[in-house]
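Here is what each chain is made of, one letter per residue.
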Amino acid sequence: VQLQASGGGLVQAGGSLRLSCAASGHTFSSYAMGWFRQAPGKEREFVAAISWSGGTTYYADSVKGRFTISRDNAENTVYLQMNSLKPEDTAVYYCAARPFIATIQYDYDYWGQGTQVTVSS
């Protein structure tokens, strides 16, 4: 599976962004998808995940209630809607794929290249 993340940018605190991750190469609907992020000087951390059907979602406590993960299997795309952004959300955001939903980055088989999100105070 090849993954291409996009949609990052610079936004003020309190603003919104929607990240997209387009997949190609294999049957997208067979894979659970996850979003992770890595801030400067920090380890990459889990943000959100969604099952292959979209029926199950997981969120990190730090983003729960502000971020929403969704997917469109007809468009081979997973989204991360980010609202009420905070400066601490600043990071490079990565999408990833694996057969079953998980929150541990080392369980994911395929990774996109990352997209930068910067939230100014």
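Presented here is a report on the structure given in the accompanying data block. Being a predicted model, the structure only gives us computed values, none of them experimental. Per chain, residues are indexed from 1 in the order of the written sequence. This being a predicted model, a pLDDT of at least 70 is required before a residue's local features are given, and a value of 80 or more before pairs of side-chain atoms are given or counted; all residues contribute to the totals for chains, interfaces and linings. Just so you know, side-chain values use all the structure's heavy atoms and leave hydrogens and water out.

Further remarks concern the environment of Gln38. Relative to the helices and strands, Gln38 resides in strand β4 (residues 32-38). Residue classification places Gln38 among the partly exposed positions, given a relative accessible area of 31%. It is 6.6 Å that separates the C-alpha atoms of Gln38 and Tyr93, two residues lying 55 residues apart in sequence. Note on definitions: a residue-residue contact is assigned when non-hydrogen atoms from the two residues lie within 4.5 Å. With near-sequence residues (within four places) excluded, Gln38 lies in contact with Glu43, Arg44, Ala91, Val92 and Tyr94. Within the local environment of Gln38, its side chain forms a polar contact with the backbone oxygen of Lys42, the two atoms lying 3.1 Å apart. Where helices and strands are cited, they refer to DSSP runs of H or I of at least four residues and of E of at least two residues respectively, numbered from the N terminus. Under the scheme applied here, a residue whose accessible area is under 20% of the maximum for its type counts as buried, over 50% as exposed, and between as partly exposed, the area being computed with a 1.4 Å probe on protein chains only. Polar contacts, as used here, are pairs of N or O atoms within 3.5 Å; protein pairs need one atom able to donate a hydrogen and one able to accept it. Residues neighboring in sequence count only if both atoms are side-chain atoms.

Moving on to unusual backbone geometry. One non-glycine residue, Asn76, lies in positive phi territory at about 55°. Looking at the element boundaries, Asn76 is found in the loop between β7 (67-72) and β8 (77-82). You will see that Ser84, though not glycine, has its phi angle at about 50°, which is positive. Note on placement: Ser84 falls in the loop between β8 and β9 (91-98).

What follows is about the side chain of Thr77. Mapping Thr77 onto the fold places it in strand β8. A distance of 2.8 Å separates the side chain of Thr77 from the backbone oxygen of Glu75, its partner in a polar contact. Ignoring any residue separated from it by four or fewer positions in sequence, one finds Thr77 in contact with Ser20, Cys21, Ala22, Phe28, Arg71 and Asp72.

In protein chemistry, a disulfide is the covalent bond that joins the sulfur atoms of two cysteines. Cysteine sulfur pairs qualify as disulfides if the two atoms are within 2.5 Å. This structure, assessed with the given rule, holds one disulfide. Through a disulfide, Cys21 is tied to Cys95; the S-S separation comes to 2.1 Å. An S-S torsion of about 65° defines the bridge between Cys21 and Cys95 as right-handed. Residue Cys21 is located in strand β3 (residues 17-24), and its partner Cys95 is located in strand β9; the two are separated by 74 residues in the primary sequence.

The buried fraction of strand β5 (residues 45-50) is high, at five of six residues. By this definition, two strands are paired if DSSP reports at least two bridges between them. Relative to β5, β4 runs antiparallel, the two being bridged by five bridges. Across the sheet, the residue bridging to Arg37 is Glu45, located in β5. Hairpin connection, β4 to β5: the antiparallel pair is bridged by six residues, and Gly41 has positive phi, about 80°. As defined by bridge partners, β5 adjoins strand β6 (residues 57-59) across three bridges and the pair is classed as antiparallel. Of the residues in β6, the one forming a bridge with Ala48 is Tyr59.

That's the geometry; what it means functionally is another story.
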